[in-house]
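Remarks on the overall topology
Okay, here's what each chain looks like letter by letter:
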Amino acid sequence: MNARLKFSDSLNLIRSFKTSGTITPSSKVLIKTLLAPIDFTSARCIIELGPGTGCVTRSILERMHADCVLICFEVNSDFIGQLEGLQDSRLRVVNACASSIRTVLDDIDIEEVDHIVSSLPLALIDDEVVKRILESARSNLREGGRFLQFQYSLSNYAELKPIFKKVKLDFTFRNMPPAFVYECTK
Ligand SMILES: C[S@@+](CC[C@H](N)C(=O)[O-])C[C@H]1O[C@@H](n2cnc3c(N)ncnc32)[C@H](O)[C@@H]1O
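I will try to describe carefully the structure that is included in this document. Being a predicted model, the structure only gives us computed values, none of them experimental.

A few points about the site of the ligand
Residues in close proximity to the ligand total 23 residues, the closest being Ser 26, Gly 50, Gly 52, Asn 76 and Ser 119. Counting residues per element, the ones that place at least two in the shell around the ligand are helix 1 (2-20) and helix 3 (55-63). Here the residues of the shell around the ligand are counted per class, giving 13 nonpolar, nine polar and one charged.

Considerations on the pairing of strand 2 (residues 69-73)
Strand 2 sits mainly inside the fold: four of its five residues count as buried. Relative to strand 2, strand 1 (residues 45-49) runs parallel, the two being bridged by five bridges. Each residue of the ladder has a partner; that of Ile 46, found in strand 2, is Leu 70. Viewed along the sheet, the connection from strand 1 through helix 3 into strand 2 turns out right-handed. Pairing between strand 2 and strand 3 (residues 91-94): four bridges, direction parallel. Bridged to Phe 73 within strand 3 is Val 94.

With respect to unusual backbone geometry
With an omega dihedral of 0°, the bond running from Met 176 to Pro 177 counts as a cis peptide bond. A positive phi angle, close to 45°, is found at Gln 87, a residue other than glycine. Along the chain, the position of Gln 87 falls in the loop between helix 4 (80-84) and strand 3. Unusually for a residue other than glycine, Asp 109 sits at a positive phi of about 60°. In this structure, Asp 109 sits in the loop between helix 5 (101-107) and strand 4 (113-118).

Describing the pairing of strand 6 (residues 166-172)
Where burial is concerned, little of strand 6 is hidden: zero out of the seven residues are buried. Pairing of strand 6 with strand 7 (residues 179-185), which is carried by seven bridges, proceeds in the antiparallel orientation. Each bridged residue has a counterpart across the sheet, and for Asp 170 the counterpart in strand 7 is Val 181.

Topic: helix 2 (residues 28-35)
Those residues of helix 2 that sit buried are Leu 30, Ile 31, Thr 33, Leu 34 and Leu 35. Buried residues belonging to helix 2 abut helix 3, strand 4, strand 5 (141-151), strand 6 and strand 7.

Notes on the nonpolar core
If you look at the biggest cluster of nonpolar residues, it comprises 43 residues, and the most contacted ones within it are Leu 34, Ile 46, Cys 72, Ile 116 and Val 117. With sequence-adjacent residues up to four places away left out, Ile 46 is seen in contact with Ile 60, Met 64, Cys 68, Leu 70, Val 113, Asp 114, His 115 and Val 117.

Observations regarding the packing of helix 2 against helix 3
It is the contact of helix 2 with helix 3, at a shortest axis distance of 10 Å, that shows an interaxial angle of 55°. Taken together, the axes of helix 2 and helix 3 lie oblique to each other. Crossing hand, helix 2 versus helix 3: right-handed. Contact residues: Ile 31, Leu 34 and Leu 35 in helix 2; Cys 55, Val 56, Ser 59, Ile 60 and Arg 63 in helix 3. For the contact of helix 2 with helix 3, the class distribution of residues is six nonpolar, one polar and one charged.

Quick word on the sheet that holds strand 4
For sheets, the rule is that strands pair by backbone hydrogen bonds, running either parallel or antiparallel. With respect to topology, seven strands assemble into an open sheet ordered 3-2-1-4-5-7-6, the strand pairing being mixed. Each edge of the open sheet carries a strand with a single partner, namely strand 3 and strand 6. Strand-to-strand twist in this sheet, taken as the mean axis angle between neighbours without regard to direction, amounts to 15°. Against the sheet, helix 2 touches strand 4, strand 5, strand 6 and strand 7, its axis set at about 165° to strand 6. Set on the sheet, helix 6 (residues 127-140) makes contact with strand 4 and strand 5; between it and strand 5 the angle comes to about 145°.

Rules used throughout
- Residues numbered from 1 in each chain as written.
- Predicted model: local features only at pLDDT ≥ 70, side-chain atom pairs only at ≥ 80, totals over all residues.
- Near = placed C-beta within 6 Å.
- Helix = DSSP H or I, 4+ residues; strand = E, 2+ residues; numbered from the N terminus.
- Nonpolar A, V, L, I, M, F, W, Y, C, P; charged D, E, K, R; others polar.
- Buried ≥ 20, exposed ≤ 12 C-beta atoms within 10 Å, placed from the backbone.
- Pairing = 2+ DSSP bridges.
- Right-handed = clockwise from strand over helix to strand, strands pointing away.
- Contact = placed C-beta atoms within 7 Å.
- Core = buried A, V, L, I, M, F, W, Y, C linked by C-beta atoms within 7 Å.
- Axes fitted to C-alpha atoms, helices over the stretch in contact; angles between N-to-C directions.
- Parallel < 35°, antiparallel > 145°, perpendicular 65-115°, else oblique.
- Left-handed = near helix turned anticlockwise from the far one by under 90°.

Encoded structure:
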């Protein structure tokens, strides 16, 4: 029975690799670098794209203000129960593609958001969908808000540059695999 469990776990990992681009959760150092530009004392609405099993989500919830809302967009329904299990009244989990930000914000009457934190595997997502996601992220951010994204290569750097006013690049070896972190300002 144990062996069967391990086999099905491996199958799930391989299956989720196709949409996640990794089989290990982000490291504490990567998460700290990713979230560093956010002023958590003033932020009142944050979006997370691609939360997976919630390692970045938990760090955002730990840091954010009692009146701040966190809206997570995750396409893999296998992760939704785990995210909802975090049981935090400030958290909303949406089982939808990151390109549907505007529809979800309209439903809950929110005009714009302070910051968007993304672990999306941009290199694995169709170019047209990436374009829609980045445009939607920019248009739903407040002026001066940040779009924070990490990636294991620089493959989408050129797409971010024309969309945002400023794109700052950081890098950490202390993740498996090492990662680039983009801080994009609207
Ligand atoms: C690299 S994993 C990140 C997991 C976790 N946030 C971390 O940092 O370890 C990427 C996640 O993005 C999700 N994802 C992929 N494409 C997506 C899309 N178009 N919209 C929303 N989530 C997506 C995947 O299902 C996966 O859970």
